[in-house]
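Descriptive analysis of the structure
For reference, the chains in residue letters:
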Amino acid sequence: MNIGIIGFGGVSKALIKLLGDKSEYLYNLGIHIRVKYIIKSNGGIYNNLGINLEEIISNDFNLNIESLQFKEDININTIVKNNDIDMLVELTNTNIETGEPGLTHIKLALENSINVVTGNKGPILLQYNNLKKLADKNNVKLGIGCTTGGALPSINVGTFDIAGSDVLSIEGILNGTSNYILTEMYENEVDYDEALNKAISLGIAEANYNLDVEGYDTASKILILANVIMNSSLTIDDIKIQGINLLYKSLIINEKKNGNKIKLIGKIYKEGEQIKAYVKPEVIDKSHPLYFVDGKNKGVLYSTDTLGDISVIGGASGTINAAAAILRDIINIFCKEK
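Just so we're clear, the structure is a prediction, and the values are computed from it rather than from any experiment.

1. A few points about the nonpolar core
- Judged by nonpolar contacts, the single largest core of 67 residues is most densely connected at I79, L88, L142, I170, I181, L225 and Y302.
- The leading source of residues in this core is helix α11 (residues 216-229), at eight residues.
- When sequence neighbours within four positions are dropped, the list of residues in contact with I79 reads I6, Y37, I39, D84, I85, L88 and I114.
- Counting residues in each nonpolar core, the second largest holds 36 residues, with I38, I51, A323 and I326 among its members.

This is the structure in structure tokens:
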């Protein structure tokens, strides 16, 4: 399988290392992955015979060493022109307002009959239905499992494991940063600011943490689930969003005394013929399947008409775990094509 990687942040680097670490595992599955392109915003490297990933790793992921022949004019158009890969791995930064540049990359790949795996929420949030139609039209696959909780297999469960059932609602704790902060406030009885600062110091909260704590990351993920699993066409404007940034310690502690927890919940549900969604902090008790989803962990609960309630909990948070979710999609697409 020949692949190209666009985007060279932490997840891309973790994926490159993971491909080396899992080479024997992949070989046993009959999968030989040849990375032909690694592209950044200012250019990239290309090797028709396959890039030496060990050389990149041993040089601390520096693409500018002479042997790699980094060129400023290598980009998505180079991939389209050469027409020599089976799959594009799109891992540029998420933009939930325009989806760019990832949206253009994904469209061009699908239009040219190239499978796509992405962890980029923006294009999927904004254009999933159109991108899925484009993939189907060109007989290729669109892997998006990493967009709704990283390692948590929320898309896979909703797509494959509950097939044949009518999904009545989907409820999720889908943002590890917010969940860590709420757990810290609950367990150590500290203020929001103190819990946030600890999350920042530990590298759990990113420099731009507002999308996490204000609920927009959760909203993006729950909307992707709504559009993929429940066949809706909701947008960010259709959802009521409330984050955790205005929660007081006293409220957390009062609920703790009652044996309850406050969690940032994203929910999609059917009301008559309509599909509605919201994101907000909710009080849940020990009977709730997501009650014990603490720290950086995530969880999703599917309520169905024939299979009952099914919950999936766990999935570590971090670049290596997101990279593993990307590799999971690559393997699944390969296995479907065999």
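2. Some details on the environment of Y186
- Along the polypeptide, Y186 turns up in helix α8 (residues 176-188).
- Since its relative accessible area comes to 18%, Y186 is described here as buried.
- Spatially, the C-alpha atom of Y186 lies 28 Å from that of C146, the residues being 40 residues apart in sequence.
- Sequence-distant contacts of Y186, that is, excluding residues within four places in its chain, are made with I252, K256, N260, K261 and Y291.

3. Some remarks on the packing of aromatic side chains
- Counted under the stated rule, the structure contains four aromatic pairs.
- Residue placement shows K256 over the ring face of Y186; its charged tip is 5.1 Å from the ring centre.
- Sitting over the ring of Y278, K280 keeps its end group 4.9 Å from the ring centre.

4. Overview of the sheet that holds strand β5 (residues 115-118)
- Read from one edge to the other, the open sheet built from six strands follows the order β3-β2-β1-β4-β5-β6, with strand pairing classed as mixed. Edge positions in the sheet fall to β3 (43-46) and β6 (142-143), since each of these pairs with one other strand and no more.
- Both strand β1 (residues 2-6) and strand β2 (residues 34-40) contribute to a ladder of five bridges, which runs parallel. Considered in β2, the bridge of N2 is made with R34.

5. Thoughts on the UniProt feature "active site" (unreviewed entry) in the chain
- The sites that UniProt annotates as "active site" (unreviewed entry) are K221.
- Positionally, K221 belongs in helix α11.
- The residues contacting K221, other than those within four sequence positions of it, are K121, T147, T148, G149, L174, N175 and K298.
- There is a polar contact of 2.8 Å between the side chain of K221 and the backbone oxygen of L174.

6. Thoughts on the side chain of S303
- In this structure, S303 sits in strand β11 (residues 298-304).
- A polar atom in the side chain of S303 sits 3.0 Å from the side chain of D309.
- Excluding anything up to four places from it in sequence, S303 contacts D166, V167, L168, S169, G308 and D309.

Reading the values: rules and limits
- All residue numbers refer to position in the chain's written sequence, counted from 1.
- The predicted nature of this model means local features are confined to residues of pLDDT at least 70 and side-chain atom pairs, given and counted, to a pLDDT of 80 or more, with totals for whole chains, interfaces and linings taken over all residues.
- For the side-chain quantities, the full set of heavy atoms in the structure was used; hydrogens and water were omitted.
- The nonpolar core is taken to be a set of buried Ala, Val, Leu, Ile, Met, Phe, Trp, Tyr and Cys residues, with the residues joined through side-chain atoms within 4.5 Å.
- In this scheme, a residue with accessible area under 20% of its type's maximum is buried, one over 50% is exposed, and one in between is partly exposed, where area comes from a 1.4 Å probe on protein chains only.
- In DSSP terms, a helix is any run of H or I states spanning at least four residues, a strand is any run of E spanning at least two, and both are numbered starting from the N terminus.
- In this description, contact between two residues means that some pair of their heavy atoms is separated by no more than 4.5 Å.
- A pair of aromatic rings is counted whenever rings of Phe, Tyr or Trp (Trp by its six-membered ring) have centres within 6.5 Å, and the orientation is called stacked for planes under 30 degrees apart, edge-to-face for over 60 and tilted otherwise.
- Charges are assigned to positions over rings by a cutoff of 6 Å between ring centre and Lys NZ or Arg CZ, combined with an angular limit of 35 degrees from the ring normal.
- Paired strands, in this sense, are two strands between which DSSP finds at least two bridges.
- UniProt positions are given in the numbering used here, feature names are shortened, and annotations may be inferred rather than shown by experiment.
- Residues adjacent in sequence count toward polar contacts only when both atoms are side-chain atoms; beyond that, a polar contact is any pair of N or O atoms within 3.5 Å, and within protein one must be able to donate a hydrogen and the other to accept it.

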